[in-house]
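Structure at a glance
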Amino acid sequence: MPAEGEMHAPANELPIIAADVLARLRAQSPRVHCITNSVAQTLTANTLLAVGAVPSMTIAPEEIGGFVKRAGALLVNLGTFDAGRRAASAIAIEAANELNLPWVLDPVFVDRSEPRAIYAKQLAVLAPKAMRLNHAEFSALSGVAPEGGALAGYSREHGIVVGLTGATDLVADGERLVAIANGHPLMPKVTALGCAASALVAACLAVERDAWCASAAALLIMGVAGELAAKRARGPGSFAVEILDALYALDRDMLVAHAKVS
Amino acid sequence: MPAEGEMHAPANELPIIAADVLARLRAQSPRVHCITNSVAQTLTANTLLAVGAVPSMTIAPEEIGGFVKRAGALLVNLGTFDAGRRAASAIAIEAANELNLPWVLDPVFVDRSEPRAIYAKQLAVLAPKAMRLNHAEFSALSGVAPEGGALAGYSREHGIVVGLTGATDLVADGERLVAIANGHPLMPKVTALGCAASALVAACLAVERDAWCASAAALLIMGVAGELAAKRARGPGSFAVEILDALYALDRDMLVAHAKVS
Amino acid sequence: MPAEGEMHAPANELPIIAADVLARLRAQSPRVHCITNSVAQTLTANTLLAVGAVPSMTIAPEEIGGFVKRAGALLVNLGTFDAGRRAASAIAIEAANELNLPWVLDPVFVDRSEPRAIYAKQLAVLAPKAMRLNHAEFSALSGVAPEGGALAGYSREHGIVVGLTGATDLVADGERLVAIANGHPLMPKVTALGCAASALVAACLAVERDAWCASAAALLIMGVAGELAAKRARGPGSFAVEILDALYALDRDMLVAHAKVS
């Protein structure tokens, strides 16, 4: 359902868009401030470094405002959320919105915790540019099943680009929808790869202000890297290593050759 | 010293028991809620995923009760313990015990901290099903040397299965004792592999309610995976990768072929 | 600018000094207590284990004093600093200084946070034996550009050995200066390798009380391991694995053959 006019970005242009975004990441090295769960921090930092971005991760209240204001984008991931992360998020989101800095919401496990789902809904009205989540999380947040029309509806209502990951990833704003059939079954066997993908969405937003293009580029980059990694991996341990190497080596030709978008 | 009757489980049946437990992990994908130290979180999560289980790790007081009540088992690991983890453990253990959900105690470094040893003793009377610890930790907790009879005595007195890891692992309840001579000298060169083994004990308890069988199965699975990993590893860095691949690939034939139990 | 007399340690002796320090690490297995950021903890622990040292990382106020007093050295790394780490550092530094236990300051990202820079300056007068930092951090801390004379001046004024890492590492006290041209461009692509290097400085201080020798040995060990790792790595994911294997395998001959010191 691509719309016409400026926002038009048909699926077949996505590999080129993603390659351009990746080139900008490497050229500009944006810093992404990540409020993320303690399980995900190392892989998230290494994912950002592998594509040319720079991570920072403090949640200290006296520091985080300054860190965010000089960053290129912000990630708020709700895994292992606690009072410290909650206080940090309030300061960080206010700082980001003050400067119109893009920020991304990753509502980890909202399907497993009612208080967290309520909190995520409160954050969703604070104007994140994009959201990355899985099927169960989308259902818990929106109350509806995660298919294309529901994503577009949610996105239109909230003004947030929705990046839904699963066997096939879907990226929707109110007008555009793309399906990305890259990735590999080993990906959910590595903890925090979804969290790292959300950080990559934030990094892409730092260099590409069309949030649909940034989100779709990030998920395509991650999906293609995952496929390339799977060719060398023998299990989830080596897969986690190989995907960082693949992200680091990824180029325009690989993106074009391997992208499965529709 | 195997006892007679229902509890009888001679060492030579252990590989088959472990293979059955592993098959159930993969079929049922139990979620294991882990209160664990910040150094161990990523490896612990990846270890659980590699065998088919699902990790969750929040320690936020408003969430952890709900997370535990819908989990299959709970791990309480005392590494990097602080006020937040202490408060979380109180809520989590009460939630687990309310539902008779099995939980595992890992009294990390109690030999190095008197306050932690005191705290571990307070937890040991709250009915954990099993405990995984090393020689120095057992001595600090029990006041006696870690040999088979002492393990059985401690286990009988406290009603906790004791899984003692070292060059040879010992698993004891009041009646049964098995020695597992698998594993590899590189294992203690990877941080938090012992912590990950404790999480694996919890995962096995989620699908096998005989705590001695679950504990022995977990340590045999880890030990055989460690031996297989060592065949491919060139040092502790590659060993940490290979053991996740080995856990993921492990099957009944490998367990039977490599088990060294007596 | 090597001085004469006891403190004399020309660059060409450094590979042998480093080999001796490494041999002592493996023989004595000193424990290094690390107050370090949550992103760096796992790699830091694994780096210490790979060279034969033992990590501990609690920051709980009731425990950390005891942990530090029985350790061989202390690291205070300011990444993801928060109130808990600040309180822990106060206790830990006092405990270390009481016993004249060497401690190392790693002022992570002081160039990005004014409050953190102020705090780092307060710690710098509490007699750390050594400091490991990058160019931007040195400039933020000292107010001057990071060249050899400035390092010597800062070191003389504060009584702290300065280990400056970058394309070429410099290690200075008030009288001695060495340049280490080992290392590899993939090193800054792995999160927290600099933090791990600071922990290695602390480990070396536990077995070598000449802080300049300990710091230079640590950075040479890390640099040579990085070069050896790069020969096998295909990107930052495999590099992070290979450097642990290289640290584990490193010996006198490799240090002598690969050292580029002047």
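Residues numbered from 1 in each chain as written. Chains lettered and ligands numbered in written order. Predicted model: local features only at pLDDT ≥ 70, side-chain atom pairs only at ≥ 80, totals over all residues. Heavy atoms only, no water.

Looking along a regular strand, one sees side chains alternate from face to face of the sheet. All names here are of chain C. In terms of burial, strand β1 (residues 31-35) is largely enclosed, as five of its five residues are buried. Going residue by residue along β1, you find R31, H33 and I35 tucked away on one face and V32 and C34 tucked away on the opposite face as well. The pairing of β1 with strand β2 (residues 54-56) spans three bridges and is classified as parallel. Residue pairing in the sheet places V32 in a bridge with P55 of β2. Considered for its hand, the β-α-β crossover made up of β1, helix α2 (residues 41-50) and β2 is right-handed. (Buried < 20%, exposed > 50% of the residue type's maximum accessible area, 1.4 Å probe, protein only. Helix = DSSP H or I, 4+ residues; strand = E, 2+ residues; numbered from the N terminus. Pairing = 2+ DSSP bridges. Right-handed = clockwise from strand over helix to strand, strands pointing away.)

A few words on the interface of chain C and chain B. The interface of chain C with chain B comprises 24 residues on the first partner and 22 residues on the second. Approximately 2,000 Å² of surface area, both sides summed, lies buried where chain C meets chain B, with 54% of it carried by carbon and sulfur atoms. Among the residues of chain C in contact with chain B, L49, D245 and Y248 of chain C are the three that bury the most area, contributing 24% of the side total. Put simply, chain C and chain B have four salt bridges between them. Here E62 of chain C and R86 of chain B are joined by a salt bridge, their closest N and O atoms 3.6 Å apart. Summed over the shared surface of chain C and chain B, the number is eleven residue pairs in polar contact (both at pLDDT 80 or more). Where the side of chain C that touches chain B is concerned, the elements lending two or more residues are α2, β2, α3 (61-69) and α10 (236-249) of chain C. Take the side of chain C that touches chain B: its biggest share by element is six residues, from α2 of chain C. Residues of the side of chain C that touches chain B, tallied by class, amount to eleven nonpolar, six polar and seven charged. (Contact = heavy atoms within 4.5 Å. Buried area = accessible area lost by both parts, 1.4 Å probe. Salt bridge = Lys/Arg side-chain N within 4 Å of Asp/Glu carboxyl O. Polar contact = N/O pair within 3.5 Å; in protein donor to acceptor, adjacent residues only side chain to side chain. Nonpolar A, V, L, I, M, F, W, Y, C, P; charged D, E, K, R; others polar.)

All names here are of chain C. Looking at helix α7 (residues 148-158), one finds that the buried residues are G148, A150, L151, A152, Y154 and S155. Lining the buried residues of α7 we find α5 (114-124), β5 (130-134), α6 (135-142), β6 (161-165), β7 (169-172) and β8 (177-180). Capping the start of α7, E147 holds a side-chain oxygen 2.9 Å from the backbone nitrogen of G149, two or three residues further along. Positioned one or two residues after α7, G159 has a phi angle of 70°, which is positive.

This brings us to the relation of the copies chain C and chain B. When chain C is fitted to chain B, the residual RMSD is 0.0 Å, and the transformation amounts to a turn of 120° plus an axial shift of 0.0 Å. Such values leave the two copies arranged in the relation of a three-fold axis. By C-alpha distance to the rotation axis, the residue of chain C lying nearest is S38 of chain C, at 4.0 Å. (Least-squares fit on C-alpha atoms with pLDDT ≥ 70 in both.)

Placing chain C over chain A gives an RMSD of 0.0 Å and needs a rotation angle of 120°, together with 0.0 Å of translation along the axis. Of the residues that chain C buries at the interface, just 5% are likewise interface residues in chain A, meaning the two copies contact each other through different surfaces.

Residues and elements named next belong to chain A. Here D173 is to be found in the loop between β7 (169-172) and β8 (177-180). From its side chain, D173 meets the backbone nitrogen of E175 in a polar contact 2.8 Å long. For D173, the side chain forms a polar contact with the main-chain nitrogen of R176, separated by 2.5 Å.

This part is about the packing of aromatic side chains. Under the definition given, this model contains nine aromatic pairs over all chains. On the basis of an interplanar angle of 45° and a centroid distance of 6.0 Å, the ring pair of F67 of chain A and F109 of chain C is categorised as tilted. Of this pair, F67 of chain A sits in helix α3 (residues 61-69) while F109 of chain C sits in the loop between β4 (103-106) and α5, placing the two residues on different chains. A cation over an aromatic ring shows up here: R86 of chain A above the ring of Y119 of chain A, its NZ or CZ 4.3 Å from the ring centre. (Phe/Tyr/Trp six-rings, centres within 6.5 Å; stacked < 30°, edge-to-face > 60°. Lys NZ or Arg CZ within 6 Å of the ring centre and 35° of its normal.)

Residue and element names in this part refer to chain A. Averaged over all residues, the pLDDT of chain A equals 94, while 97% of them reach at least 70. Every residue in residues 1-7 scores below 50 in pLDDT, and together they form 13 contacts with partners more than four places removed in sequence or on other chains. For this predicted complex, the interface confidence comes out at an ipTM of 0.94, alongside a pTM of 0.95. (pLDDT = per-residue confidence, 0-100.)

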